[in-house]
Amino acid sequence: MSLSHSALEKLATFRANNTRASQETFKNASTVLKSFKRLGDDGWAVLEQLFLASVDVGRLDVADECLRQLGKQFPDSPRVDVLTGIRMEATESPDVVLEYYAQLLDADSANAAIWKRKISVLRRTGKIEKAVEELSQLLDTFYTDVEGWLELADIYTSCNQYIPALQALSHVLLLAAQNPFYQLQFAETAYTAGDIPLALKAFLVAVEMSERDLSDKSPPVGISVRAWLGVKLCSRRLLLNSSPSASNTVVPKNLHLIEELATERVLGVYSSKSSSTRAPEGRDVVVGWVGDR
């Protein structure tokens, strides 16, 4: 039995979007195990995809067969080394896995994928300080690794260390300046850290970035809704009580106007939702379950 064209397209979409979707991937890809070579180069990509999904869903027998085929085709491949480590993480003790990763790093200290797996194991086993140390060294070597900076920020946030988290996120903003989601994450972290002026500034930037293609009369959608809520919270707090800024961020002079605009934009979201659910003219709205009388 071979994979259908639609199943192949779905698996390719998962790979392109870096989406695991393990249950669905396993369901779609498990039939390829005996005929993956017919797919050409795509067959090896599907096989790796199936391996990861199999580990996630606990089908280690399928994962082992995928790993055997990949290792046979690509001996001494750093990519297969990573997959071998992932397989070991499923059943071996953390100490054994860390020793395996240490040996690989001794042979190739620039193997970023292995380095990241090692950091993941350290964090998962509660060795946070060591994980931060290793991650900091990784980022000294691979400064442009956005995912690494996000991971560092997440570790600091999980430990309630918001100032170091902000510092890590500031590197993310430098490396991916056009991503409004990162700007929003920075704003929310600043708000949690208590630097309300800095949070307001970042929320306003997130609003600007997310609404570039919207008309002035369009209600906020998606990320801009959350950004406007942040603007509303920050401006309201600053109007009630001026808050010091650890970053020395200046509070805008037109704070009242910003708060009014944020209120208007947030209310616009709910008014638009209300009008979209209103019954068409001349018809009655039935409230309750269908059939209730």
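Residues numbered from 1 in each chain as written. Predicted model: local features only at pLDDT ≥ 70, side-chain atom pairs only at ≥ 80, totals over all residues. Heavy atoms only, no water.

The name that an unreviewed UniProt entry assigns to the protein is ER membrane protein complex subunit 2, with the source organism given as Favolaschia claudopus. Under Function (unreviewed entry), UniProt gives the following word-for-word description of the protein: "Part of the endoplasmic reticulum membrane protein complex (EMC) that enables the energy-independent insertion into endoplasmic reticulum membranes of newly synthesized membrane proteins." Per its UniProt entry, the protein bears the Subunit (unreviewed entry) comment "Component of the ER membrane protein complex (EMC)." (UniProt positions renumbered as here; feature names shortened; annotations may be inferred.)

Caption draft 1: Summary view of the nonpolar core. Core analysis: the largest hydrophobic core is formed by 74 residues, its most contacted members being F51, L152 and V231. Residues from two domains meet in this core; each of domain 1 (127-177) and domain 2 (188-273 + 285-293) gives at least three. If we skip the residues at most four places from it in the chain, F51 touches A63, C66, L67, L83, I86 and R87. (Core = buried A, V, L, I, M, F, W, Y, C linked by side-chain atoms within 4.5 Å. Buried < 20%, exposed > 50% of the residue type's maximum accessible area, 1.4 Å probe, protein only. Domains from an automatic or database assignment. Contact = heavy atoms within 4.5 Å.)

Caption draft 2: Geometry of the packing of aromatic side chains. The full count for this structure, using the stated rule, is three aromatic pairs. With centroids separated by 5.7 Å and ring planes inclined at 50°, the aromatic side chains of Y100 and Y101 adopt a geometry described as tilted. Summarising the burial analysis for this pair, Y100 and Y101 share the class buried. (Phe/Tyr/Trp six-rings, centres within 6.5 Å; stacked < 30°, edge-to-face > 60°.)

Caption draft 3: Structural context of the pattern of salt bridges. Under the definition given, this model contains 19 salt bridges. E151 serves as the salt-bridge partner of R123, at 2.9 Å between the closest nitrogen and oxygen. Of this pair, R123 sits in helix α7 (residues 112-124) while E151 sits in helix α9 (residues 146-158), and the two are 28 residues apart along the sequence. Among the charged side chains, a network of salt bridges with common partners joins K118, K130, E133 and E134. (Salt bridge = Lys/Arg side-chain N within 4 Å of Asp/Glu carboxyl O. Helix = DSSP H or I, 4+ residues; strand = E, 2+ residues; numbered from the N terminus.)

Caption draft 4: Structural view of the environment of L166. With respect to the secondary-structure elements, L166 resides in helix α10 (residues 162-175). C-alpha of L166 to C-alpha of A153: the two residues are 13 residues apart in sequence and 7.0 Å apart in space. What L166 contacts, discounting residues up to four positions off in sequence, is F186, T189, A190, A193 and L198.

Caption draft 5: Molecular detail of helix α6 (residues 94-107). A rise of 1.5 Å per residue sets the reference length of α6, with its 14 residues, at 20 Å; its end C-alpha atoms lie 20 Å apart and thus fit the reference within 8%. Among all positions of α6, only V97, L98, Y100, Y101, L104 and L105 are buried. Looking straight down α6, one finds its buried side chains confined to an arc of 155°; they lie on one side. Those residues of α6 that are exposed and aimed more than 90 degrees away from the buried face are D95, D106 and A107. Each element contacted by the buried residues of α6 is listed here: α5 (78-91) and α7. (Expected span 1.5 Å × (residues − 1). Arc of directions from axis to C-beta.)

Caption draft 6: Inspection of the layout of surface pockets at higher detail. Of the volumes computed, that of the largest pocket is approximately 940 Å³. Secondary structure elements with two or more residues in the lining of the largest pocket: α1 (5-16), α2 (22-29), α3 (41-57), α5, α7, α8 (128-141) and α9. Taken together, the residues of the lining of the largest pocket sort by class into 12 nonpolar, seven polar and eight charged. (1 Å grid on protein atoms, 1.4 Å probe; cavity = no way out; pocket = protein on both sides within 12 Å on 5 of 7 lines; lining within 4 Å. Points joined across faces, edges and corners; volume = space filled by probe spheres on them. Nonpolar A, V, L, I, M, F, W, Y, C, P; charged D, E, K, R; others polar.)

Caption draft 7: The arrangement of the environment of E211 in detail. Relative to the helices and strands, E211 resides in the loop between α12 (196-210) and α13 (223-240). Here the alpha-carbon distance between E211 and P180, two residues 31 residues apart in the chain, equals 10.0 Å. When near neighbours in sequence (up to four residues on either side) are disregarded, E211 contacts P220, S224, W228 and R265. A polar contact of 2.8 Å, which involves the side chain of E211, links it to the side chain of W228. (Polar contact = N/O pair within 3.5 Å; in protein donor to acceptor, adjacent residues only side chain to side chain.)

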